Amino acid sequence: MRGFIAGVVTVIVVGLICAYGLLQSGLIPANADAKPGGLELWAAGTSLNATLRTAAPKGPNPVALTDANLLEGVKLYGQNCALCHGTAAGEASASPIAKGLYPAPPQLASEGVEDDPEGASYWRIKHGVRLTGMPSWGGTLSDQQIWTLALFLKHMDKLPPGPQAAWKQVRN
Ligand code: HEC
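Counting starts from 1 at the beginning of each chain's written sequence and moves along it residue by residue. Owing to the predicted nature of the model, reporting of local features is limited to residues with pLDDT of at least 70; listing and counting of side-chain atom pairs is limited to 80 or more, with chain, interface and lining totals taken over all residues. The basis for every side-chain value is the complete set of non-hydrogen atoms in the structure, without hydrogens or water.

### Thoughts on the UniProt feature "domain: Cytochrome c" (unreviewed entry) in the protein
Argument step 1. Per the UniProt record, "domain: Cytochrome c" (unreviewed entry) is annotated on residues 68–157.
Argument step 2. In this text, helices come from DSSP runs of H or I with a minimum length of four residues, and strands from runs of E with a minimum of two, each type numbered from the N-terminal end. Along residues 68–157, the helical share is 50% and the strand share 0%, with 17 Å between the first and last C-alpha atoms. UniProt positions are given in the numbering used here, feature names are shortened, and annotations may be inferred rather than shown by experiment.

So this is what it looks like as structure tokens:
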């Protein structure tokens, strides 16, 4: 039994040393303009989805679906988000910052998040996404403002005329 445990410990220690050596070797790229590997994408996606599953609020959006709230959402988006996530022109409006970031921020008018639960959008906006360019806004926007943004994102592709006109005016 002791020999077995010593063997397991040796394998773990050797594995950790090899992993450390690999990181030190420079073979794993740290640049933002490389194509990410499948394992990296899988690990990041699995971790994010698991976090959203356990941590994102499940209930309905406490901010009511009104034209005034959607207008406020458009305004907050224009001030804080269009720089990275684009305008109503979608992909065509990607800024130089958006083009250079890795992982790339989705241009939300073309790669919409309307099918995401609003609680998931709320969580991403409030807490940000680790090791990506997505900042956490919990320190600068109120919960009310974050839910208002989530409301706008949910209805981005079917806005009533007033908010739609304001959305068309947003520039980045
Ligand atoms: C500095 C650039 C930057 C800014 C500013 C920014 N984001 Fe992001 N955002 C990102 C990046 C990069 C990602 C992709 C993260 C990933 O790969 O998981 C992202 C992801 C998201 C997602 C998830 C989209 C999806 O389904 O994949 C949402 C929703 C989002 N951001 C909302 C916002 C909102 C709302 C604001 C403004 C309050 C904002 N972001 C501001 C860079 C930014």
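### Some remarks on unusual backbone geometry
Argument step 1. Residue Pro103 is reached from Tyr102 by a cis peptide bond, and omega for that bond is -5 degrees.
Argument step 2. Looking at the secondary structure, you find Pro103 in the loop between α5 (96–100) and α6 (118–127).
Argument step 3. We note that Leu131 has phi near 60 degrees; this positive angle belongs to a residue other than glycine.
Argument step 4. For Leu131, the position within the fold is in the loop between α6 and α7 (143–155).
Argument step 5. We classify Leu131 as exposed; its relative accessible area is 80%. Any residue under 20% of the maximum accessible area for its type is buried, any over 50% is exposed, and the rest in between are partly exposed; the area is computed with a 1.4 Å probe on protein chains only.

### Quick notes on the domain arrangement of the protein
Argument step 1. These domain boundaries are the output of an automatic or database domain assignment. Assigned domains within the protein: domain 1 (1–31) and domain 2 (56–169).
Argument step 2. Taking only C-alpha atoms into account, the centre of domain 1 sits 42 Å from that of domain 2.

### Structural notes on the site of the ligand
Argument step 1. Any residue with a heavy atom lying within 4 Å of a molecule or strand is counted as near it. In the vicinity of the ligand lie 21 residues, with Cys81, Cys84, His85, Val113 and Met134 positioned nearest.
Argument step 2. Any pair of N or O atoms that falls within 3.5 Å is considered a polar contact. Within protein, one atom must be able to donate a hydrogen and the other to accept it, and sequence-neighbouring residues count only if both atoms are side-chain atoms. In this structure, a nitrogen atom belonging to the ligand sits 2.8 Å away from a side-chain N or O atom of His85.
Argument step 3. Within the residue set of the shell around the ligand, elements represented by two or more residues are α4 (82–85), α6 and α7.
Argument step 4. Note on residue classes: Ala, Val, Leu, Ile, Met, Phe, Trp, Tyr, Cys and Pro are nonpolar, Asp, Glu, Lys and Arg are charged, and everything else, Gly too, is polar. For the shell around the ligand, the residue count by class is 15 nonpolar, four polar and two charged.

### Re the coordination of the iron atom of the ligand
Argument step 1. Any nitrogen, oxygen or sulfur atom within 2.8 Å of a metal ion counts as a donor, with the limit raised to 3.2 Å for Na, K and Ca, and since water is left out, coordination shells can look unfinished. At 2.0 to 2.2 Å from the iron atom of the ligand lie its protein donor atoms, namely His85 (NE2) and Met134 (SD).
Argument step 2. Donor angles set the geometry label: tetrahedral for four donors if every angle is between 85 and 135 degrees, square planar for four and octahedral for six if opposite donors exceed 155 degrees and the others are between 65 and 115, irregular for anything else. Because the angles between the six donor atoms bound to the iron atom of the ligand fall within 88 to 178 degrees, the donor set is best described as octahedral. Of this pair, His85 sits in helix α4 while Met134 sits in the loop between α6 and α7; the two residues are 49 residues apart in sequence, bridging distant segments of the chain.
Argument step 3. Under the relative-accessibility criterion, His85 is labelled buried at 15%.

### Comments concerning the environment of Leu27
Argument step 1. Residue placement: Leu27 occurs in the loop between α1 (2–25) and α2 (38–55).
Argument step 2. Between the C-alpha atom of Leu27 and that of Gly133, which follows or precedes it by 106 residues, the distance is 23 Å.

### Thoughts on the packing of helix α3 (residues 67–80) against α7
Argument step 1. Between the N-to-C directions of two axes lies an angle of 0 to 180 degrees, each axis being a line fitted to C-alpha atoms and, for a helix, fitted only over the stretch in contact. The contact between α3 and α7 brings their axes to 8 Å, and the two run at 100 degrees. It follows that α3 is roughly perpendicular to α7 by the angle criterion. Between α3, through Asn69, Leu70, Glu72, Gly73, Val74, Leu76 and Tyr77, and α7, the contact on the second element is made entirely by Gln145, Thr148, Leu149, Leu151, Phe152, Leu153 and His155.
Argument step 2. Of the residues assigned to the contact of α3 with α7, the class counts are eight nonpolar, five polar and one charged. When describing relative orientation, an angle under 35 degrees is termed roughly parallel and one over 145 degrees roughly antiparallel, while 65 to 115 degrees is termed roughly perpendicular and anything else oblique. The contact criterion used throughout is that any non-hydrogen atoms of two residues lie within 4.5 Å.

### Observations regarding the side chain of His155
Argument step 1. Within the secondary structure, His155 is located in helix α7.
Argument step 2. Exposure remark for His155: the relative accessible area of 16% places this residue in the buried category.
Argument step 3. When residues no more than four places from it in sequence are discounted, the contact partners of His155 are Leu65 and Leu70.

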